[in-house]
Amino acid sequence: MTENKTYLFKKVPAVDKLLNTRRISELLEIYPRDMVTNAIRQTLEQLRYQIKDESLTTETQLKTETVIDLVEKKLVRITRPSLISVINATGVIIHTNLGRSPLAETVLEKLGSLPGGYCNLEYDINSGKRGSRYVHVEGLLKDLTNSEAAMVVNNNAAAVLLCLETIAKGQKVIVSRGQLVEIGGSFRIPDVMRKSGAQMVEVGTTNKTHLADYERAIDSDTSLLLKVHKSNFALIGFTEDVSLSEMVSLGRRYGIPVMEDLGSGCLINFSDYGLPMEPTVQDALAQGADLVTFSGDKLLGGPQAGIILGREDLIKSIRENQLTRALRIDKLTLLALEEALRLYMDKQKAAKKIPVLKMIFQSYDSLKEKAAYLAKLVTDINTDNFSLELMDGNSMTGGGSLPHLRLPSKMLCLVPNRLSAQHMETWLREYDPPIITRVKGEKVLFDVRTIGDKELMTVARAIKDLALIKGEMRGTDNKKYT
Ligand SMILES: *Cc1c(COP(=O)(O)O)cnc(C)c1O
């Protein structure tokens, strides 16, 4: 070992010595003793490691005050909550990485007012007997969709798995090759099918499937005809798909149920809002689907959940399936889902109060105003680091829904001067609260569509703070100039 290393090792402060300092005793008033001692030990260990691999070479880095700074940072990091609010400035409305659907005000209020103690989750107050957790949303779902029966599970992946396992285990399910989707990297129709114990029978080709393809594949082992919403992709060109109603009449002729995995589960008629038609849950049921499954937190705009609607007898057997117990919905989710569904009792109100719908239906003109307002909040910043500009762009629905839909929006852009776009994006991401932006063409974009009205002030504050930093220069990655 070199002489310098030996010298530095001796200069690492002792645990006891640190524990006796005034600053550490202050920290002991905030954090438990074990946690502080552990943080000190770990910090010292790290320092010794750094001496060993020569990333620490000067004595000043081992001064008591400097070491305590490190201990304090570590304590702050350990005790900071992990799941936190972020501001979504990406313009992707149902952002899978950012928690998909933000919840409506009334849903949040409901969660906030949650009685701390017990609730009638599985208790029938009228009879004083054991009840079912599903009743809390069953009536609402039936009223909203005209479904015969309804139940809910953890998410739509669970809903699909459960339906297949109940109805088609050990038997055949016919599905078009054009619908074998993968969603979010881990939900793949062929894999879910295998897990459920059903045998998948693929028919048709990637671009074209005909009714006769389904009919030819039917045999005595066929237990289900499955239609899957393409969700995150679209087929263009020479394509052909069999409509749900055609599948239903085929199924009826052979006495085979038809299920549609709708994915997003839209209850609102998008064409009423000048947008392309998106199949609704009500439509699927009206066309005669025996089972319909969809997510609670995509276009529906509620909490993560999987909703199963359809025929009473089928839903009864699904409820009785042992697997249901493993996939069952939690009371907090149920509470949020009930409240979100309640908003749909008045569809027009839902379009205004459900955040994902409100964001989708926001007009370009109102976004233009919103962007102008944000720009006004930051007009007189110093432009050494970056300049500001307003630009047209597109938001997306995201969450594996409406992949081809581009929603015209307005962006506030940071155009790099001294700071690089990448550096600014990182800085904003590390802001409190983190602000997630998009970098495009060397500009940092804030799509105002997904920024809440109440968040505009925070975004403005971040932009002002960023204008003042004297950090990294453009094109000099990782070198700090202060
Ligand atoms: C999103 C989606 C799923 C999975 O739903 P989760 O709620 O993410 O579990 C299943 N099927 C389709 C068609 C989907 O779009």
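Here, the structure is the one placed above.
Figured I'd write up the structure that's included with this text. (Residues numbered from 1 in each chain as written. Predicted model: local features only at pLDDT ≥ 70, side-chain atom pairs only at ≥ 80, totals over all residues. Heavy atoms only, no water.)

## Observations regarding the site of the ligand
Reasoning step 1: Close contacts around the ligand come from 13 residues, with Arg 100, Ser 231, Asp 261, Ser 295 and Lys 298 the closest.
Reasoning step 2: With respect to the ligand, the side chain of Asp 261 contributes an N or O atom lying 2.6 Å from a nitrogen atom.
Reasoning step 3: Note that an oxygen atom of the ligand is positioned 2.7 Å from one of the side-chain N or O atoms of Lys 298.
Reasoning step 4: In the complex, 95% of the free accessible area of the ligand, which totals 380 Å², lies under the protein chains. (Near = heavy atom within 4 Å. Polar contact = N/O pair within 3.5 Å; in protein donor to acceptor, adjacent residues only side chain to side chain. Areas by Shrake-Rupley, 256 points an atom, 1.4 Å probe, with all protein chains shown as cover.)

## Quick look at the pairing of strand E14 (residues 386-398)
Reasoning step 1: By the bridge criterion, 2 bridges tie strand E2 (residues 92-94) to E14 in an arrangement that is parallel. Paired with Val 92 across the bridge in E14 is Met 396.
Reasoning step 2: Pairing of E14 with strand E15 (residues 407-416) involves 10 bridges; the strand directions are antiparallel. Bridge pairing in E15 links Leu 388 to Leu 414. (Pairing = 2+ DSSP bridges. Helix = DSSP H or I, 4+ residues; strand = E, 2+ residues; numbered from the N terminus.)

## As for unusual backbone geometry
Reasoning step 1: Cis geometry marks the peptide bond from Asp 432 to Pro 433, where omega comes out at 0 degrees.
Reasoning step 2: Positionally, Pro 433 belongs in the loop between helix H19 (421-429) and strand E16 (435-436).
Reasoning step 3: The backbone of Glu 54 sits at a positive phi, close to 65 degrees, despite the residue not being glycine.
Reasoning step 4: Within the fold, Glu 54 resides in the loop between helix H4 (33-52) and helix H5 (64-79).
Reasoning step 5: A positive phi angle, near 55 degrees, is found at Arg 100, a position not held by glycine.

## A short note on the layout of surface pockets
Reasoning step 1: A volume near 1500 Å³ is recorded for the largest pocket.
Reasoning step 2: Around the largest pocket, the lining comprises 45 residues; the ones closest to its centre are Pro 102, Leu 103, Leu 108, Pro 355 and Glu 455.
Reasoning step 3: Of the residues forming the lining of the largest pocket, the biggest block, 4 residues, is contributed by helix H6 (residues 105-112).
Reasoning step 4: Across the lining of the largest pocket, the residue classes tally to 19 nonpolar, 15 polar and 11 charged.
Reasoning step 5: When residues of the lining of the largest pocket are assigned to domains, at least three fall in each of domain 2 (87-96 + 360-467) and domain 3 (105-353).
Reasoning step 6: In this model, the second largest pocket occupies a volume close to 450 Å³.
Reasoning step 7: Along its surface, the second largest pocket is lined by 19 residues, and Arg 100, Ile 183, Gly 184, Phe 187 and Lys 298 are the ones closest to its centre.
Reasoning step 8: When residues of the lining of the second largest pocket are traced back to their parent elements, those giving at least two are helix H8 (156-168) and strand E11 (258-263). (1 Å grid on protein atoms, 1.4 Å probe; cavity = no way out; pocket = protein on both sides within 12 Å on 5 of 7 lines; lining within 4 Å. Points joined across faces, edges and corners; volume = space filled by probe spheres on them. Nonpolar A, V, L, I, M, F, W, Y, C, P; charged D, E, K, R; others polar. Domains from an automatic or database assignment.)

The analysis is restricted to geometry; functional conclusions fall outside its scope.
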